[in-house]
Amino acid sequence: MSDVRAGFESLRHELHDPDLPVQGDWPGWLTGTLFRNGPAQFEVEDESYNHWFDGHAMLHAFRMDGERVAYRNRFVQSQSRTEALQEGRIVRSEFATDPCMSIFGRMMSVFNPTPTDNASINVARLDDQYVALTATPLPVAFDPETLDTLGVVDYDDEVHADMSTPHPHVEPGTGRTLTQMLSFGRQCRYKIGAIPAGTKRRELLATLDVDRPAYMHSFGMSEHYVILSEWPLVVNPTDLLLRGQPFIENFEWRPGRGTRFRVLRKADGAEVATLEADPAFGFHHVNAFERGGTVVCDIVTYPDASIIDALYLDRLRSDDPTPGTGTLRRYRLPLNGGAASSTVLSDERVELPRIHDEDATAQPYAYVYGIGSRRERQFSDQLLKIDVGTGSAQTWHEDGTHPGEPVFVPHPEGTAEDDGVVLSVVLDPAGEQSFFLVLDAASFDERARATVPHAIPFGFHGQFFE
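Residues numbered from 1 in each chain as written. Predicted model: local features only at pLDDT ≥ 70, side-chain atom pairs only at ≥ 80, totals over all residues. Heavy atoms only, no water.

Chemist: What should I look at first to understand unusual backbone geometry in this one?
Modeler: Keep in mind that most residues, glycine aside, have a negative phi and that most peptide bonds are trans. Despite not being glycine, Asp127 shows a phi value in the positive range, around 60°. With respect to the helices and strands, the residue Asp127 is situated in the loop between β8 (122–126) and β9 (129–133). Since its relative accessible area comes to 32%, Asp127 is described here as partly exposed. (Helix = DSSP H or I, 4+ residues; strand = E, 2+ residues; numbered from the N terminus. Buried < 20%, exposed > 50% of the residue type's maximum accessible area, 1.4 Å probe, protein only.)

Following this line, the structure appears as structure tokens:
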């Protein structure tokens, strides 16, 4: 068994465009850049962050041109990081870390909250800018060539939000970006915004009042609807102000509430159906599409929210880390109301799911790519390609290594849904390095790899841009 703790150790140095040694049959058509995002520094002097989600964000860029692969990595120079390094301590509250404050300091934070801009989860394109994203509505722009931080992006609107999903959807056909937001207050509100292509202006499609908001990391989108999954992990907004605990520790697991799916029509924001299901929890929606009078919604789920506790750094660095993978579950949501039904699509445990974004988004589809675990108590150690129709899976693994999120890139002349390649960054703890892996998406066989001269900590999400 390999030592996965190497994936949760800080990477402090930055490299600038070294060519990586390439092995194998590199696809000549694969030209563009894979940007990856994730935490890379887990302590400030003698203070440590608590959770995997809390570390300082670092961007990684793999530029591909012919058989040449160049690599660069840079920290996101957020205010959260800058203030911490200047003061030599953790300054801003993160997902599960709250800096030690005096009573006066806590009172001031109630009236003058400073949300984190530690954008460590995902990357996207907004208008003509490349941005790093986190769960606060503070996208941080970066230069796609140098990875230099350009600052927080100001939206051209007056929409208020305290949280925003790091998983926006680009709507097929229109090119507009749909995002899910949450505002806290005496009356909390879920909000769905649409950002027209070529703008930074959020237009509200829907607003829903809610007394105790649920923790929602992502949301679903079909052709005509958006789907909010209200897991029974909820918060009293007053607790966020007065309890003085890290953000996520204010949420409470209330399984008696069950799971509630709220289906909203894009055209007018109307809530067309609210459906109940058994209690569950999930980070990542996979895809959604319409079939007759039903919305089909695929999500990676867990029996409860204890997966959040399992991702604290002390647990991940222990001798018994979580596999970090869940169940691929299909929910069927009848638009005429009633109860939601669900089935498990595969026996394989999976996380960080991806699909063919261009062809499969909001449509019936065949394949999900993700990370998986071959052993019950082994942190993710394989890549998966799951056929959602049959539940069968193709796998790739190499003993002692741990792959990250797979990103599908279509062949420019491809016709089949799986005609292309899958890209992943794989940690090799024994070699104290990582490598950039290219798999043929159809056969799931390795085509090529490029070795990085250092170990890249486990990250979250990335995007490929031509």
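Chemist: Help me understand helix α1 (residues 79–87) in this model?
Modeler: Each α-helix turn comprises 3.6 residues. Residues three or four places apart therefore point the same way. Turning to α1, its buried residues are Ser80, Arg81, Glu83 and Ala84. At the C-terminal side of α1, Gly88 shows a positive phi close to 70°.

Chemist: What is the right way to look at the pattern of salt bridges in this model?
Modeler: A side chain with one charge can pair with a side chain of the opposite charge if their charged atoms come near. Under the defined criterion, the tally for this structure stands at 32 salt bridges. Note that Glu145 and Arg63 form a salt bridge whose closest N and O atoms lie 3.9 Å from each other. In this pair, Glu145 sits in the loop between β10 (140–142) and β11 (149–152) while Arg63 sits in strand β6 (residues 56–65), placing the two residues 82 residues apart along the sequence. Of the residues examined, Glu145 reaches a relative accessible area of 52% and is grouped as exposed. The exposure class assigned to Arg63 is buried, which follows from its relative accessible area of 13%. A single network of salt bridges, built from pairs that share partners, joins Glu230, Arg260, Arg262, Glu271 and Glu276. (Salt bridge = Lys/Arg side-chain N within 4 Å of Asp/Glu carboxyl O.)

Chemist: Which parts of the structure should I look at to understand the pairing of strand β33 (residues 433–440)?
Modeler: Consecutive residues of a regular strand have side chains that alternate between opposite faces of the sheet. Across the 8 residues that make up β33, a large majority, 6, are buried. Between strand β32 (residues 420–428) and the antiparallel strand that follows it, β33, lie 4 residues; Glu432 among them carries a positive phi value of about 55°. Sheet analysis places β33 next to strand β34 (residues 446–452), joined by 6 bridges and oriented antiparallel. Across the sheet, Leu437 pairs through a bridge with Arg449, a residue of β34. (Pairing = 2+ DSSP bridges.)

Chemist: Just checking my understanding: could you explain the sheet that holds strand β21 (residues 259–265) for this structure?
Modeler: Strand order in the open sheet made by the 4 strands is β17-β18-β21-β22, with antiparallel pairing throughout. Where the open sheet ends on each side, the last strands, each with one partner, are β17 (220–221) and β22 (271–277). Where β21 lies against β22, 6 bridges are found, and the strand directions are antiparallel. Along β22, the bridge assignment pairs Leu264 with Glu271.

Chemist: Even after reading the chapter, I still don't get the packing of aromatic side chains, so can you show me in this structure?
Modeler: Where two aromatic rings form a pair, the distance of their centres and the angle of their planes describe that pair. All told, the structure shown has 31 aromatic pairs when counted by the stated rule. Relative to Phe379, the ring of Phe8 lies with its centre 5.6 Å away and its plane at 80°, an arrangement referred to as edge-to-face. Of the two residues, Phe8 is situated in the segment before β1 (16–19) and Phe379 in the loop between β27 (367–372) and β28 (382–387); the sequence distance between them amounts to 371 residues. In terms of burial, Phe8 and Phe379 fall into one category: buried. With a centroid separation of 6.3 Å and 40° between ring planes, the pair formed by Trp52 and Phe53 is classed as tilted. For the residue pair Trp52 and Phe53, the accessibility class agrees, reading buried in each case. Sitting over the face of the ring of Phe435, Arg449 holds its NZ or CZ atom 4.1 Å from the ring centroid. (Phe/Tyr/Trp six-rings, centres within 6.5 Å; stacked < 30°, edge-to-face > 60°. Lys NZ or Arg CZ within 6 Å of the ring centre and 35° of its normal.)

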